[in-house]
Amino acid sequence: MSTMNAKASSGGEEEALGMRSDTLGESVCSGEGKRRQMILVAYLIATLELTFLFMQMGVMPYLAKSLGLDLVGFGYLQTTFGVLQLVGGPIFGRFADQFGTRAALILSCASGSAFFLLMSISTSIPLLFLSRLPAVFMHGLPGAQKVITDLTTPSQRADALGKLGLCFGIGIIIGSALGGVLSTKFGIFVPTYIGLVGNLINTTIAMVWMPLQAKPKSDHRVTEHSTSQSGSVFSIREILRLMKFPGVMEVFIVKAFAGLPAGLFLIMFSIISMDFFGLEAVGSGYLMSYFGVLQMVVQGLVVGKLTNHCTEGTLLRLSVFVFAGVGLGMSLMRTVWHYCIIAVPLVFAFSTLGTITDSILTKAVPSSDTGTMLGICASVQPLTRTVGPTIGGVLYKQFGVSSFGYLQLIVNIEI
């Protein structure tokens with residue numbers, strides 16, 4: 001009798017364990033499904049925001065000209081946008097760390113709505129400059145990177161971040177084309193109305209589909225070095241403390257300077273395409289689309305595959321080596337066909353450098369500070385846009401196109 005009871009008890013325990021195991025398995029599957037959904041929502045938000053951003057970039061020169069703004073004034077307008085994005089990147093990152101990615105994405109999308117609203121009523125030059133102000137918090141791409149960083153393991157991170165290149169490429173291609181078509185057929189302000197409605201939809205998506213807390217509870221580890229919960233969102237001291245973590249400053253210097261000369265070239269490309277290559281607006285548009293397709297293919301597909309077979313340190317060194325080769329090629333470039341060939345390794349180097357450095361730097365700081373770190377990383381591009389027109393203009397005017405190539409080669413040999 002006791003033996004039968006023991007067997008029954010044993011069978012009951014096994015059944016209970018089996019049910020518990022099934023429940024745990026379902027919970028894990030459900031958790032994975034929610035993570036995938038949140039990452040896809042982040043990709044969607046980033047794609048839409050980038051599409052509207054590139055749409056207004058194509059329209060802005062014509063809107064500024066229609067309001068009587070000359071080339072110098074337009075340069076000041078672009079610099080204002082760059083400075084605001086430069087200042088806002090780290091602040092947005094700390095906001096994401098302290099209040100969560102959902103709040104940060106809503107802030108970014110709402111700022112985009114205000115940006116396009118002010119732009120749509122810009123009937124004078126002061127209003128046009130005022131419309132740039134919300135750009136300080138327009139950081140949809142770093143917001144999406146924050147979501148991905150929170151929801152992926154360190155081994156998955158580089159691949160997932162690399163797929164944001166697809167979002168960037170789609171934004172360039174569709175946004176540039178859409179802005180031109182809408183402004184030509186329906187009027188200069190129509191793209192701003194579309195951008196306003198689109199960003200309101202984006203805000204709704206972030207509010208409805210993003211949970212209050214995207215980061216898994218197991219990832220809420222705060223070390224003695226963590227800064228996210230201490231100090232103000234605007235604390236420069238707390239932001240700069242992250243640069244003192246081992247290896248952070250070295251990798252950030254590589255991120256900031258390895259692609260800087262090529263970045264200066266791309267900022268001056270609209271002028272170079274006319275003066276040096278002799279292209280008209282249509283030809284420049286085709287080149288931008290070509291660049292966007294390359295970005296989609298390389299960053300969305302190639303970089304992710306490489307991260308599965310090579311270490312991040314190896315890929316970082318490879319990107320610097322390729323950048324040096326690109327510099328040599330740019331110094332010898334004479335025709336637009338030469339540029340089309342050079343663009344392939346150029347996009348590869350930019351995509352690999354950006355993805356790998358973001359991955360390395362977010363792993364080097366506490367998980368509670370990844371938003372701030374991504375905000376600091378996001379400030380590199382606005383910095384290039386801010387100083388680029390001045391430095392790039394001097395290089396092109398005084399030394400020609402080949403100077404960008406020589407500088408690119410020298411910088412990467414030194415790194």
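As shown above, the structure is provided for reference.
What counts and what doesn't
Residues numbered from 1 in each chain as written. Predicted model: local features only at pLDDT ≥ 70, side-chain atom pairs only at ≥ 80, totals over all residues. Heavy atoms only, no water. Helix = DSSP H or I, 4+ residues; strand = E, 2+ residues; numbered from the N terminus. Buried < 20%, exposed > 50% of the residue type's maximum accessible area, 1.4 Å probe, protein only. Contact = heavy atoms within 4.5 Å. Areas by Shrake-Rupley, 256 points an atom, 1.4 Å probe, with all protein chains shown as cover. Salt bridge = Lys/Arg side-chain N within 4 Å of Asp/Glu carboxyl O. Expected span 1.5 Å × (residues − 1). Phe/Tyr/Trp six-rings, centres within 6.5 Å; stacked < 30°, edge-to-face > 60°.

A. View of the overall build of the protein. On a plain count of helices and strands, the protein comes out with 18 helices and zero strands. For the protein, buried positions account for 50% of its 415 residues. Sequence separation of 24 or more characterises 84% of the internal contacts of the protein that already satisfy a separation of 6 or more. Within the structure as shown, the protein displays about 19600 Å² of accessible surface, and the carbon and sulfur contribution to it stands at 69%.

B. Summary view of the pattern of salt bridges. The full count for this structure, using the stated rule, is five salt bridges. The salt bridge partner of Asp150 is Lys146, with a shortest N-O separation of 3.4 Å. With a gap of four residues between them, Asp150 and Lys146 both fall in helix α5 (residues 140–151), about one helical turn apart. For Asp150, a relative accessible area of 5% translates into the label buried. By relative accessible area, which is 3% here, Lys146 ends up buried. The network of salt bridges with common partners includes Asp97, Lys146 and Asp150.

C. Representation of the environment of Gly100. Mapped onto the fold, Gly100 is located in the loop between α2 (71–99) and α3 (101–120). Given a relative accessible area of 7%, Gly100 falls into the buried group. Residues Gly100 and Gly371 lie 271 residues apart in sequence; the distance between their C-alpha atoms is 9.1 Å.

D. Spotlight on α3. Compared with the 28 Å implied by 1.5 Å per residue over 20 residues, the 28 Å span of α3 between its first and last C-alpha is a close match. Extensive coverage of α3 is indicated by the burial of 14 of its 20 residues.

E. Expanded view of the packing of aromatic side chains. Inspection of the entire model under this criterion finds 12 aromatic pairs. Note on Phe54 and Phe168: the rings are 5.4 Å apart at their centroids and 90 degrees apart in plane angle, and the pair reads as edge-to-face. Within this pair, whereas Phe54 is found in helix α1 (residues 2–66), its partner Phe168 is found in helix α7 (residues 164–186), the two being separated by 114 residues in sequence. Under the relative-accessibility criterion, Phe168 is labelled buried at 17%.

Everything listed here is a matter of coordinates, which is why it stays silent on function.
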